[in-house]
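A structural walkthrough
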Amino acid sequence: MGRSDFYAYLTLLQELSAALADLTKIEQEKTQTVRNDDLGGLNECMKQEQALTMTLRGYEQKRMALLHALGLNGVPLNGLLSHAPEDCLDETKRTVEELRRQYSLFRGASEVARDTLECNLHQIEKILQKLHSNGKDGPGYQSQESQLPSQLRTDFRA
């Protein structure tokens, strides 16, 4: 196992931690935009989220290549410390702990954003059902299409 490859792997894990921190911020922004009924802001958050997802895919490819070069295929993150060179045990421990912390923060923010979206969608469904049960035609996709900004229009087809 090359020491430079191991340091490159730790650097990649640190970059991954930073990307998770960025995703956490986006999830928090997404929650706020949903609470503020800001569809444009939500759309922007989703675009940023998609871009970071592509970055994460790139990190995963690099991670797999580095693990292969280190001969650590199949070694879980919690087992990395036992494979670290003696002189970088502390840095390995800090890096792994930070990555786990950032992942935990991301999961929490992601769950809040998902729950907030689901609650708002449920409220929309209730309003539409109430409008429909009162004999009024609810705001359908076709009638609202011309009122939506072009970046928020989409065509759902199954």
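On the surface, L121, I124 and L128 cluster together into a nonpolar patch covering about 260 Å² of accessible area. Under the relative-accessibility criterion, L128 is labelled partly exposed at 36%.

The next thing to look at is unusual backbone geometry. Most peptide bonds take the trans form, and the phi angle of most residues other than glycine is negative. Even without being a glycine, D37 presents a positive backbone phi close to 55°. When you line up the elements, D37 lands in the loop between helix 1 (3-35) and helix 2 (39-70). On the accessibility criterion, D37 (63% relative accessible area) is exposed.

Next up on the list: the side chain of T92. You can see T92 is positioned in helix 3 (residues 89-133). Owing to a relative accessible area of 1%, T92 belongs among the buried residues under this scheme. Excluding residues within four positions of it along the chain, T92 makes contact with F6, L10, L80, L81 and A84.

Criteria and cut-off values
- In this convention, every chain numbers its residues from 1, walking through the sequence in written order.
- For a predicted model such as this one, the threshold for reporting local features is a pLDDT of at least 70, and the threshold for listing and counting side-chain atom pairs is 80 or more; totals across whole chains, interfaces and linings nevertheless cover every residue.
- Excluded from the side-chain calculation are hydrogens and water; included are all heavy atoms of the structure.
- Patch membership requires more than 30% relative accessible area and the absence of a salt bridge. Residues of like charge join within 9 Å; the nonpolar side chains Val, Leu, Ile, Met, Phe, Trp and Tyr join within 5 Å.
- For accessible areas, the Shrake-Rupley method is used with a probe of radius 1.4 Å. Any residue's cover is judged against the shown protein chains and nothing else.
- The salt bridge definition used is simple: a Lys or Arg side-chain nitrogen within 4 Å of an Asp or Glu carboxyl oxygen.
- Exposure classes here rest on a 1.4 Å probe applied to the protein chains alone. A residue is buried below 20% of its type maximum, exposed above 50%, and partly exposed in between.
- Helix and strand definitions here come from DSSP, where helices need a minimum of 4 consecutive H or I residues and strands a minimum of 2 consecutive E residues; each element is numbered from the N-terminal end.
- Only heavy atoms matter for contacts: two residues are in contact if any of them lie within 4.5 Å across the pair.

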